[in-house]
Each structure stands twice: as C-alpha cells, then as structure tokens.
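So the chains spell out like this:
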Amino acid sequence: MELLLRKRGAILLLMLNIFLIFMGIGLVIPVMPKFMTLLDISGFIVGLLVGAFSLTQLLFSPFAGRLSDSLGRKKIIIAGMLVFALSEWMFGIAHSSVLLFAARFLGGLGAALIMPAVMAYTADMTSNEERAKGMGLINAAITTGFIIGPGIGGYLAEFGIRVPFYAAAIAGLGAAVLTAFILPESLVPAKSAIKEAAPEERESLWSMLRNSYKQPYFLSLILVFVISFGLANYETIFGLFVDHKFGFTPKDIAFILTFGSISGAVVQLTAFGWIMNRFGERNVITFCLLSCGLFILLTIFVSGFWMVFAVTFIVFLSIDILRPAIGTQMSKMAEERQGYVAGLNSAFTSLGNIAGPVIAGFLFDADVNYPYVLAAVVLIISFIMAARAGARATKAAVAR
C-alpha cells in the first residue's frame, strides 16, 4: 500500500512539473503572430525558429535518454527545466534574430533533456498493465498545460506581448525547484547498471538512427516522424493562419486553443486506458491518423470563428489520443531500454519537427492554405501505412 501511494504521488508530481513546463510553452502561442509582426519576421523565419528548436532536440535527445538511464531521471529533468526557463527569458528580451535563434536552440536542449526522462520515469513507475494509463496521465498533463497556457498567455499579452515569455520562464524555474525538493528518483541502481552495460546504449545518434530499422518498433518510429511532420505544419502555422486569413486576435486564438483541447485532456484522464484496452493501439492509431488528416484538410474550407473552433476541436482530440497511443505501443516493446527507446522516439519526433515547420513556413509565404494541404496529405499517407501494417499483423496472427 505504501509503495502504491509513493508511485501515485511521484506520477502526480511529475504531471504537475510537466504541466508547468507546457503551460509555459502554451503561454506564448497566442502572441506569436503579433510578436513576429513587431520584429518583421516572415513565415519562413518562423518555420526556421521552430526548426532550430527541433534540430537541437534531435541532436541531444538520444544522448539525454542515455543520461537518464545512467545518471537518473530526476537530475536530467531538473537540468532540462532550468535550460527551458533560461530560453524563455532570452526569447522575451530578444530584439534581434540572432538572440531569437539562440533562445530556440536552448529551448530545444531543454526539451531534449525533459521529454525522454519524463517518459522513462513513467515507464519505471508502471507495469505493462498500467503503462497506457500512466502515459495517458502524462500526456493529459501536457495537454492541460497547453489548454490553460494559451488562455493565460492571451490575458498576459494585454500587459505587453513579451510578458508571456517572462511568465514561461518563471513557470520553468518553479517546476525545477519543485522537482529538486520533492520528486524521488525512479531508476534503481541495478537497472541502471544493466542499461549502462548494453552495447546499443553507447551508439552515436547517427548509428542509432541508421540501425533503428532493425528494431521491432521501427514502423512506430516511422509513424512518429510522419505524424510529427504533418502536425508540425498544422501547429506551427495555426496562429499565423487564423491571424492572416480571419484576423483573429490573441484572445481569439487563446480561446480556440484552450477549449479546442479540453476534450483531449478529458479523454486522456478518464478513458484513454479503456480505449487502448478495448480497441488496441493499432486500431486507435489508424483511426486517429485518418480523422486528423481529414479535419486538417477541412480547415482550409471552413470560415467563421465557430466553424474553425469545431474543426480544431476534432483535430486536437485526434492528436491527444494519437500521441500517447504511439508512446504506449513503443514502451511495451522497449522492455528494459525505456530511456533508449524514449530517446529514439524524441529523435524521430524532432526529425519531423525540423522538416515540417521549415517547409510550412516556406509554403505559408506562398499561400496560407498550402501548409495544411501538405499536412493532410502526409497524415493520410501515414494512415495508409498503418492500415497496411495492421492488416499484415492480423494475417500473421491468424496464420499462427
């Protein structure tokens, strides 16, 4: 009973910490269009800024995953939160592109440290039967941070468009302090020694990526990349899209992002584990890929505030189920290499997040609708890939 309470307490605290971080990230979303207009930055530069974040995350994620396996999850999470806080403060004071890019590189480093360690920590504290629920809770905390963050950001922007960035820095610093004083370490020495001894854990980033096709979860990694590419197009451009096409204000954007994501958080907190157990990861992933692709495409045809709200609501619901579903599927295949696999997951996510925003920014400058057309096409292609893989797996199971 005491062990169960400790486990629940650790997961709840981890949820609080990751919530604060993603609330800090969400704070800045509604003000980005106005911020970029103030500094006279094009859509392509916005894409490069997002790509810079993801490039750094790509380079450091596998290394951070190995560090969390050897040094422990807690130390890496604290370091990531401190770096994140510094990056948000730098972005807030920036008056030049050089400082903006420096801040984004630091932000990517912080994300690279935080995400693999948090996912591995959750895997440490849960059994296979509890894994879906644990991943759902963590992703619910992330979603809830995004839900509340934009609303707060839209309000804080009334006091100045740089204020949300400073608030994000404070949120990151507060999360680091909470982690340092309260969160227990989840990695036991025995498991740490086993993971340190595994030869694949010492691979370089490029070796890990090159050899990833040999792993049983390679298709999941490909889907992670494709999904990240498509969704990065959608998420990077959303604020600019509704600002340029409909003239939405930061408060309008905050409202859509806030209430459009509520369904995802509710599902993750209450029904995600049941959905996974009832329908299975493959079926859930396939369905969410299709719905996400179709509704992103529908975004370019709707007009009016409430229609945009409704379409965005469905897209966010699909995303919020899809991401933890893939994470759950991979964590079950990872066995004792949770940090290693979480690092690979983050690396493939970063590859998609590098290419997606840069291409989206370029396409946005040509036509505001083009990024969403590309995102929809990519996601529908990934739906076809997942459906075919599921059909092959079903035939193989019947043959046995």
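Residues numbered from 1 in each chain as written. Predicted model: local features only at pLDDT ≥ 70, side-chain atom pairs only at ≥ 80, totals over all residues. Heavy atoms only, no water.

As annotated in an unreviewed UniProt entry, the protein is DHA1 family multidrug resistance protein-like MFS transporter from Cohnella phaseoli. Comment text from UniProt for the protein, heading Subcellular location (unreviewed entry), reads "Cell membrane". In the Sequence similarities (unreviewed entry) part of its UniProt record, the protein is described as follows: "Belongs to the major facilitator superfamily. TCR/Tet family." (UniProt positions renumbered as here; feature names shortened; annotations may be inferred.)

**Q** Mind showing me how you'd approach the overall build of the protein here?
**A** Across its full length, the protein holds 17 helices and 0 strands. Out of the 400 residues in the protein, the part that is buried amounts to 57%. Accessible surface, the protein: about 16600 Å² in total, of which carbon and sulfur atoms supply 70%. (Helix = DSSP H or I, 4+ residues; strand = E, 2+ residues; numbered from the N terminus. Buried < 20%, exposed > 50% of the residue type's maximum accessible area, 1.4 Å probe, protein only. Areas by Shrake-Rupley, 256 points an atom, 1.4 Å probe, with all protein chains shown as cover.)

**Q** Explain a nonpolar patch on the surface here, please?
**A** Where nonpolar side chains cluster on the molecular surface, the patch consists of Leu55, Leu59, Phe60, Phe63 and Phe105 and spans about 420 Å² of accessible area. For the nonpolar patch, the element with the highest residue contribution is helix α3 (residues 43-70), accounting for 4 residues. (Patch = residues over 30% accessible without salt bridge, like charges linked within 9 Å, V, L, I, M, F, W, Y side chains within 5 Å. Salt bridge = Lys/Arg side-chain N within 4 Å of Asp/Glu carboxyl O.)

**Q** How do you make sense of the packing of aromatic side chains when you look at a structure like this?
**A** A full pass over the atoms with the stated rule returns 10 aromatic pairs. Where Phe241 meets Tyr372, the ring centres are 4.7 Å apart and the plane angle is 40 degrees; that geometry is what we call tilted. Of the two residues, Phe241 is situated in helix α10 (residues 218-246) and Tyr372 in helix α17 (residues 370-399); the sequence distance between them amounts to 131 residues. Given a relative accessible area of 0%, Phe241 falls into the buried group. (Phe/Tyr/Trp six-rings, centres within 6.5 Å; stacked < 30°, edge-to-face > 60°.)

**Q** Please explain the packing of α3 against helix α5 (residues 97-124) as it appears in this structure.
**A** To characterise two packed helices, one gives the angle between the axes of the helices and the distance between these axes. The contact between α3 and α5 brings their axes to 6 Å, and the two run at 35 degrees. The handedness of the crossing between α3 and α5 comes out as right-handed. When the residues that make up the contact of α3 with α5 are grouped by side-chain class, the tally is 18 nonpolar, 7 polar and 1 charged. (Axes fitted to C-alpha atoms, helices over the stretch in contact; angles between N-to-C directions. Left-handed = near helix turned anticlockwise from the far one by under 90°. Nonpolar A, V, L, I, M, F, W, Y, C, P; charged D, E, K, R; others polar.)

**Q** In this structure, what is going on with the nonpolar core? I would like to understand it.
**A** The tendency in soluble globular proteins is for nonpolar side chains to be buried as a group. In this structure, Phe238, Leu289, Ile296, Val315 and Tyr372 are the most contacted members of the largest nonpolar core, which totals 65 residues. Both domains that meet at this core, namely domain 1 (1-183) and domain 2 (211-399), each give it at least three residues. In contact with Leu289, other than residues within four places in its own chain, are Leu223, Ile227, Leu322, Leu379, Ser382, Phe383 and Ala386. One finds Phe19, Ile21, Met115 and Met125 within the second-largest nonpolar core, a separate group that totals 35 residues. (Core = buried A, V, L, I, M, F, W, Y, C linked by side-chain atoms within 4.5 Å. Domains from an automatic or database assignment. Contact = heavy atoms within 4.5 Å.)

**Q** I tried to follow the packing of helix α4 (residues 73-93) against α5 on my own but got confused; where do I start?
**A** As a packed pair, α4 and α5 sit with axes 7 Å apart at the nearest point and diverge in direction by 155 degrees. Judged by the angle between their axes, α4 and α5 are roughly antiparallel. The chirality of how α4 crosses α5 is left-handed. In terms of residue class, the contact of α4 with α5 is made up of 22 nonpolar, 4 polar and 3 charged. (Parallel < 35°, antiparallel > 145°, perpendicular 65-115°, else oblique.)

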